[in-house]
Amino acid sequence: MGFGTLFIGYFFLLNISYFNYTDLLAAAIMAMGLYRLGQINRPFRFALFADLALLLIGAGELVSVMIPIFSPAADLSAFTLPLGVARYLILAVYHLFLLLGIKAVAEEVGLTKLATRAQALLVLPLLSYLASALFDIPDIFPTAAAKETAIIAFAILLLTLLSCVLVLVTVYRCYAKICMPEDLDMPEKPSRFAFVNRMRERRDAREAERVQERADYLREKMNSKRKKKKK
């Protein structure tokens, strides 16, 4: 359930235009997934802390768009400008630890390609969100023409969207290939169609050994960490 919940929450980060309305929801859902994943390794725990910071930023963003509805004359620029810069910096840190966590757990369960993909993706979200933070600072390009500024903004927007899509695909692959211990104990509801049940049986037979091995490894690691905490 950890990667599945994380995937659902991260999907809302694809809203790169009206994120003021969805950041709070995205951070809240991702926090539920990261809470479970944080039991596996330290980078996921750090990602959870960054996500909680994003949760606070999301709450501030939502307030900033609601106040003008009730008070159109309110000037919130002194509040929204630093909030936007902080958002991008937090997202850069969040993606750093998220991808490091994915890399670590993929290596531990023998998914070399997935680990390599996570490592290769590290630069892209860092570059896109740091560039967004820099571009969000007022008068950072005082001599740039309006056309040049628009081109830079559009390029950063595309880079951010590409980054989100690639990370979302990576999280989905984790969900599809890495079985958490609690997911292994969750029964699947039978279909009304016999051929669907037969297909599921064949699929389960092919995947059972691989899934069991990875789930046992994660369960042992999580139990070991719980014992250390109790001591």
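Residues numbered from 1 in each chain as written. Predicted model: local features only at pLDDT ≥ 70, side-chain atom pairs only at ≥ 80, totals over all residues. Heavy atoms only, no water.

Asks: How should I be thinking about the overall build of the protein chain in this particular structure?
Replies: Assigned secondary structure in the protein chain consists of nine helices and zero strands. Listing the helices and strands of the protein chain from first to last along the sequence gives α-α-α-α-α-α-α-α-α. For the protein chain, with 231 residues in total, the buried portion stands at 37%. Only carbon and sulfur atoms are counted for the fraction: they give 66% of the accessible area of the protein chain, which is about 13,400 Å². (Helix = DSSP H or I, 4+ residues; strand = E, 2+ residues; numbered from the N terminus. Buried < 20%, exposed > 50% of the residue type's maximum accessible area, 1.4 Å probe, protein only. Areas by Shrake-Rupley, 256 points an atom, 1.4 Å probe, with all protein chains shown as cover.)

Asks: I would appreciate a short explanation of helix 5 (residues 112–121) in the present structure.
Replies: Three or four residues apart is the spacing at which side chains of an α-helix point the same way, because the helix has 3.6 residues per turn. Looking at helix 5, one finds that the buried residues are Leu114, Ala115, Ala118 and Leu121. Along the long axis of helix 5, the arc covered by the buried residues comes to 130°, so they all point the same way. For helix 5, the exposed residues lying more than 90 degrees away from the buried face are Thr112, Lys113 and Ala120. (Arc of directions from axis to C-beta.)

Asks: Is there a simple way to think about the packing of aromatic side chains in this case?
Replies: The geometry of an aromatic ring pair is captured by the separation of the ring centres together with the interplanar angle, meaning the angle of the planes. With the rule as written, the count across this model stands at seven aromatic pairs. The lysine or arginine in question, arginine 87, covers the ring of phenylalanine 19, its NZ or CZ lying 3.8 Å from the ring centre. (Phe/Tyr/Trp six-rings, centres within 6.5 Å; stacked < 30°, edge-to-face > 60°. Lys NZ or Arg CZ within 6 Å of the ring centre and 35° of its normal.)

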